[in-house]
Structures are given as C-alpha cells and as structure tokens.
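Here is what each chain is made of, one letter per residue.
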Amino acid sequence: MSLVRRATTEDAAEVLRLRQVMIDSLPGGDPSRAWHTEALPALRERLGEADGDFAAFVVDHPDRPGALGALVVGTIDYRIGKAGSPLGRSGYVFSVATDPAARRRGYARACMDELLEWFRERGAGQVMLTASAEAEPLYADLGFVHKPDPTMILRL
C-alpha cells in the first residue's frame, strides 16, 4: 500500500500550512499568513474537483495524526501544441514541501512519482517546475533539465 494519497477537502488547512513551509524556505518569501483565511475556500473547492486540472498528493505525517508530512501540487494548462507536446497540455509542479520533522524519508519523491503519473494519464507532453537548490538533485534524478530560455513575470 502506498503512503501517498490524493489530498481531499479536509486537508486544505494542512495543504496551506505546508505551502507556507515552502514559501518560508524561499529567498524573499513572505512570512505573512493573513492570506490563508481568504485562500482556504478556493483551495477546498479545487481539492474537491476529482476530474479537474488541479491535483495535490500528500503523505500523512508519521508522528502527528491529522497533520501532513509532505505535499506536491500540480496543474495542467493548455498551450497551443508543438513538437513533443502536440496536444498542448503542459504540467506545472508547485508547492513541493515536506514538514521539517518528516524530511529525508522519501516522501517528496513518492508524491512527485504520483503527480508525474497523474500528468501522464492526462496527456501532458511536458512538465515544468521551479527548483530550489536543495530540491534540484531530486528533480534531476527524476529527469528534469534546465530550460535555456529566460522566464519573466508581471505581478498584477
């Protein structure tokens, strides 16, 4: 039996907690938690959509009942097809986080394996993510490579 399961609406508060763990670990991450209250209803709704374009896979915390030990979240976007991805479905991985007390047990890898299978089942031709230096060896081991093109962002 796998330790990994699909997150449910009941996991929403813990998903947000682990997302904040990830945010807190990033350079320039915003430690504010005020946004959690506003984000919770929308997250619960998305977690309740079993056949949508959003999925979260989790491992329950081994030492704290009701808490999550690890989390990966992904979504599928449509982009006009191209060579290697003719259907135009692209996966994007975000919010990969492990509770500090549950690290070094393979939970993030197990969750990533499930998420990558979910992407394959939905016909994603490519999967993208942004890697921290700490997580880069895991992603490289899974077959991820650096893209040569620069990414830009505009905050609205």
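## Section: the pattern of salt bridges
Any two side chains of opposite charge can pair, given that their charged atoms come close.
Phase 1: In total, this model carries 13 salt bridges according to the counting rule given.
Phase 2: In this structure, Arg-122 and Glu-121 form a salt bridge, with 3.4 Å as the shortest nitrogen-oxygen distance.
Phase 3: According to the relative accessible area criterion, Arg-122 is partly exposed, its value standing at 26%.
Phase 4: Note on Glu-121: relative accessible area 56%, which makes it exposed.

## Remarks on the sheet that holds strand E3 (residues 68-78)
Phase 1: In spatial order, the strands read E1-E2-E3-E4-E5; together these 5 strands make up an open sheet with mixed pairing. The sheet terminates laterally at strand E1 (4-6) and strand E5 (126-128), the two strands that pair on one side only. When strand polarity is set aside, the average angle formed by the axes of neighbouring strands in this sheet is 25 degrees.
Phase 2: Here 3 bridges tie strand E4 (residues 89-98) to E5, and the two strands are oriented parallel to one another. Each bridged residue has a counterpart across the sheet, and for Ser-90 the counterpart in E5 is Gln-126.
Phase 3: Against the sheet, helix H3 (residues 107-121) contacts E1, strand E2 (54-60), E3, E4 and E5, and its axis sits at roughly 25 degrees relative to E3.

## Some remarks on the pairing of E4
Phase 1: Across the 10 residues that make up E4, a large majority, 7, are buried.
Phase 2: Pairing of E3 with E4 involves 8 bridges; the strand directions are antiparallel. Across the sheet, Gly-74 pairs through a bridge with Val-93, a residue of E4.
Phase 3: Handedness of the E4-H3-E5 crossover: right-handed.

Quick notes on the rules
- Residues numbered from 1 in each chain as written.
- Predicted model: local features only at pLDDT ≥ 70, side-chain atom pairs only at ≥ 80, totals over all residues.
- Heavy atoms only, no water.
- Salt bridge = Lys/Arg side-chain N within 4 Å of Asp/Glu carboxyl O.
- Buried < 20%, exposed > 50% of the residue type's maximum accessible area, 1.4 Å probe, protein only.
- Pairing = 2+ DSSP bridges.
- Helix = DSSP H or I, 4+ residues; strand = E, 2+ residues; numbered from the N terminus.
- Axes fitted to C-alpha atoms, helices over the stretch in contact; angles between N-to-C directions.
- Contact = heavy atoms within 4.5 Å.
- Right-handed = clockwise from strand over helix to strand, strands pointing away.

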